[in-house]
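If you want the building blocks of each chain, they are given just below.
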Amino acid sequence: MRLDASPSLALAVALATASCGGSQPDEGVQGVQEMRLVLETDAPFTEAADFQSRLHDTIDVALSYWGGSWSDLNGRTITIVDAPSVECGGGSALGCFDGNVQLTTRDPGLGTFVCIEETVLVHEIGHAVLGDPDHTDPRWMQMDSVAAALSGREGYSSEGLVPCVPYVSVWRHPLDAP
Ligand SMILES: [Zn+2]
């Protein structure tokens, strides 16, 4: 079990699902980093009881990998959708960072992800910390330590519990390529 002793790591997540429009995001605690979460997917892992703690932990691991902090996400929105891809800079991808983060819960080849750790969240957090839209930092190709830190957890499929397998190959990006 993970103990979160630092108040600065508390995540003020405001759930604002598309299906219940008009809900206002929580203001959060003053001084605590605030990030907005929009869910437009019914992937089973997003409905699991541990979703928010897993999201928090995955972001935490990603931030320490990229050398960032929660302040890099302050005021940003993470939108998680169920779609084959999201639009990104005129192209399409499994995730995008354009000041805010967008992620799909589905990969055309892999199917619906069974946990937040399988999405490209770790990659997009990298953009939130580094910028680096052209992927010139060598860390884009060295994410095995992140995968190791996030592995061994449970995933949620429509049939029940399955292993959650972080896909480094999905998170990586060839260097010097858009
Ligand atoms: Zn990227």
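Anyway, here's the lowdown on the structure attached to this text. Bear in mind that the values here come from a model prediction, so they are computed numbers and not experimental data.

Along the protein chain, the regular secondary structure elements total 4 helices and 11 strands. Counting every position in the protein chain, which comprises 178 residues, the buried fraction comes to 35%. Considering only residue pairs separated by 6 or more positions, the protein chain has 63% of its internal contacts joining residues 24 or more positions apart.

One non-glycine residue, Asp132, adopts positive backbone phi at about 50 degrees. Along the chain, the position of Asp132 falls in the loop between helix H2 (121-130) and helix H3 (144-150). Unlike most non-glycine residues, His135 shows phi in positive territory, near 55 degrees. Its location among the elements puts His135 in the loop between H2 and H3.

Here strand S7 (residues 101-104) shows a buried face lined by Val101 and Leu103 and a second buried face lined by Gln102 and Thr104. The pairing of strand S3 (residues 77-81) with S7 spans 4 bridges and is parallel. Looking at S7, one finds that Thr79 is bridged to Gln102. Pairing between strand S6 (residues 95-97) and S7: 3 bridges, direction antiparallel. From the neighbouring strand, Phe97 faces S7, where its bridge partner is Val101. Between S6 and S7, which follow one another and run antiparallel, lie 3 residues, and Gly99 among them has a positive phi close to 110 degrees.

This next bit is on the pairing of strand S11 (residues 160-164). Pairing of strand S10 (residues 153-157) with S11, which is carried by 5 bridges, proceeds in the antiparallel orientation. Bridging across to S11, Gly155 finds its partner in Val162.

Attention shifts here to the nonpolar core. In this structure, Phe45, Ala62, Leu63, Cys115, Leu121, Val122 and Ile125 are the most contacted members of the largest nonpolar core, which totals 38 residues. Looking at this core, the elements that each hand over two or more residues are strand S2 (34-40), helix H1 (51-66), S3, S6, S7, H2 and H3. A per-element tally of this core places H1 first, with 7 residues. If we ignore the near neighbours within four places in the chain, the residues touching Cys115 are Phe45, Arg54, Arg153, Gly155, Tyr156 and Cys164.

Turning our attention to the environment of Thr112. Relative to the elements of secondary structure, Thr112 occurs in strand S9 (residues 111-112). Here the alpha-carbon distance between Thr112 and Tyr156, two residues 44 residues apart in the chain, equals 9.9 Å. The contact partners of Thr112, leaving out residues within four places of it in the chain, are Ala43, Thr105 and Arg106.

Reading the values: the criteria
Residues numbered from 1 in each chain as written. Predicted model: local features only at pLDDT ≥ 70, side-chain atom pairs only at ≥ 80, totals over all residues. Helix = DSSP H or I, 4+ residues; strand = E, 2+ residues; numbered from the N terminus. Buried ≥ 20, exposed ≤ 12 C-beta atoms within 10 Å, placed from the backbone. Contact = placed C-beta atoms within 7 Å. Pairing = 2+ DSSP bridges. Core = buried A, V, L, I, M, F, W, Y, C linked by C-beta atoms within 7 Å.

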